[in-house]
Amino acid sequence: MRFEWSDGQDGLYRDFRRLGEESLGKDVTERDRAGVFGRDDWTLCAERGVLGLLLPPSYGGAGRDPVAYARAMEGLGYGCLDNGLLMAMGAHTLAAEVPIWKFGDEDQRRRYLPELAAGRLIGANAMTEPESGSDALSLATTAERDGGFYRLTGRKRYVTNAPIADVFVVYATVDRELGFTGVTAFLVERGDAGVSVKEQSEKMGLRTARWGRSSSTRAGFPRPGGSAPNGAGRRYSR
């Protein structure tokens, strides 16, 4: 069986490879050493449509399919010297934008996706915890229903983009006795009451992709702010 890229997919590869080679990562040696996120490069990538490749045009995206996205990112990765930038964009697109698009309600899509695609908001995915990593669905962060709100309590770590993120897809369990079927996803904004975000310790590589810890102490979110029905969070991580 032969598989060949289409002309359109190859065109994306060339365009984004050229973008990386000509315009991105010029000061990456110094920024990587200092652990500094490339905000100007991020903005340029947003302007060139990188951050909205997978999203439908109705939400500010380009409506590309996953194969075209993969080819485009292959080209960008070949041309761009800043691998941390690629890591940050991957977390933003695949672990924040796509879950909101696929599982959020229409109000959430309209509120967040155009801003995420334009790079004006930065997304992060908060799943890993001090006691759960690869077994992510055994997480301990709880979401307790309190009238018209959910109260989130727990700690997350190794959250890519956390120090710079504006909105987090946070996973919590509504009932520990339900196991993985109780895991639900919530949209949490950085400035929400009870939410704390801190820079995490230095990494050996990808230092321009900042990461950190987040915690919620009885942070309250209206029920419509949850990004999926109870138990649906387990589908996000597949």
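Note that the coordinates shown come from a computational prediction; the quantities given were computed from them, not determined experimentally.

*Asks:* Just checking my understanding: could you explain the side chain of Thr141 for this structure?
*Replies:* One can find Thr141 in the loop between β1 (123-126) and β2 (142-146). Setting aside residues up to four positions removed in sequence, Thr141 forms contacts with Glu129, Thr153, Gly154, Arg155, Lys156, Tyr171, Ala172 and Thr173.

*Asks:* Help me understand helix α1 (residues 7-23), please; the structure alone is not making it clear to me.
*Replies:* With 17 residues, α1 should cover 24 Å at 1.5 Å per step; its first-to-last C-alpha distance of 24 Å lies within 8% of that length. Of the positions making up α1, those classed as buried are Gln9, Asp10, Gly11, Leu12, Tyr13, Phe16, Leu19 and Gly20. Gly25 occupies a position one or two residues after α1 and carries a positive phi of about 70°.

*Asks:* Is there a simple way to think about the packing of α1 against helix α4 (residues 66-79) in this case?
*Replies:* Between two packed helices, both the angle of their axes relative to each other and the distance between the axes serve to describe the pair. Interaxial distance between α1 and α4 falls to 7 Å at its minimum, and their mutual angle equals 30°. Taken as axis vectors, α1 and α4 run roughly parallel relative to one another. In the crossing of α1 with α4, the sense of the turn from one axis to the other is right-handed. Contacts from Gln9, Asp10, Leu12, Tyr13, Phe16, Arg17, Leu19, Gly20 and Glu21 of α1 reach α4 at Val67, Ala68, Arg71, Ala72, Glu74, Gly75, Leu76, Tyr78 and Gly79. Of the residues assigned to the contact of α1 with α4, the class counts are nine nonpolar, four polar and five charged.

*Asks:* Where do I start with the environment of Asp105 in this structure?
*Replies:* Tracing the chain through its elements places Asp105 in the loop between α5 (83-103) and α6 (106-117). At 3.2 Å, the side chain of Asp105 forms a polar contact with the backbone nitrogen of Asp107.

*Asks:* Can you help me understand the nonpolar core in this one?
*Replies:* Soluble, globular proteins show a tendency: their nonpolar side chains are buried together. Formed by 26 residues in total, the largest nonpolar core has its most connected members in Phe16, Trp42, Val50, Met73, Leu76 and Met89. The contacts of Met89, once residues within four sequence positions are left out, are Trp42, Cys45, Val50, Leu51, Met73 and Leu76. Residues Ala117, Met127, Val183 and Ala185 belong to the second largest nonpolar core, which totals 17 residues.

*Asks:* Would you explain a nonpolar patch on the surface in this entry?
*Replies:* Residues Phe3, Trp5 and Val67 make up a contiguous nonpolar surface patch of about 290 Å² in total accessible area. Secondary-structure assignment places Phe3 in the segment before α1. Residue classification places Phe3 among the exposed residues on the basis of a relative accessible area of 59%.

*Asks:* Quick question: what am I supposed to make of α4 here?
*Replies:* Residues lying three or four places apart along an α-helix face the same way, a consequence of the helix completing one turn every 3.6 residues. With 14 residues, α4 ought to run about 20 Å at 1.5 Å a step, and its terminal C-alpha atoms sit 20 Å apart, in line with that. Among the residues making up α4, those that are buried are Ala68, Tyr69, Arg71, Ala72, Met73, Gly75, Leu76 and Gly79. The secondary structure elements touched by the buried residues of α4 are α1 and α5. The N-capping residue of α4, defined by a side-chain oxygen 3.0 Å from the backbone nitrogen of Val67, is Asp65.

The rules we used
- Residues numbered from 1 in each chain as written.
- Predicted model: local features only at pLDDT ≥ 70, side-chain atom pairs only at ≥ 80, totals over all residues.
- Heavy atoms only, no water.
- Helix = DSSP H or I, 4+ residues; strand = E, 2+ residues; numbered from the N terminus.
- Contact = heavy atoms within 4.5 Å.
- Expected span 1.5 Å × (residues − 1).
- Buried < 20%, exposed > 50% of the residue type's maximum accessible area, 1.4 Å probe, protein only.
- Axes fitted to C-alpha atoms, helices over the stretch in contact; angles between N-to-C directions.
- Parallel < 35°, antiparallel > 145°, perpendicular 65-115°, else oblique.
- Left-handed = near helix turned anticlockwise from the far one by under 90°.
- Nonpolar A, V, L, I, M, F, W, Y, C, P; charged D, E, K, R; others polar.
- Polar contact = N/O pair within 3.5 Å; in protein donor to acceptor, adjacent residues only side chain to side chain.
- Core = buried A, V, L, I, M, F, W, Y, C linked by side-chain atoms within 4.5 Å.
- Patch = residues over 30% accessible without salt bridge, like charges linked within 9 Å, V, L, I, M, F, W, Y side chains within 5 Å.
- Areas by Shrake-Rupley, 256 points an atom, 1.4 Å probe, with all protein chains shown as cover.
- Salt bridge = Lys/Arg side-chain N within 4 Å of Asp/Glu carboxyl O.

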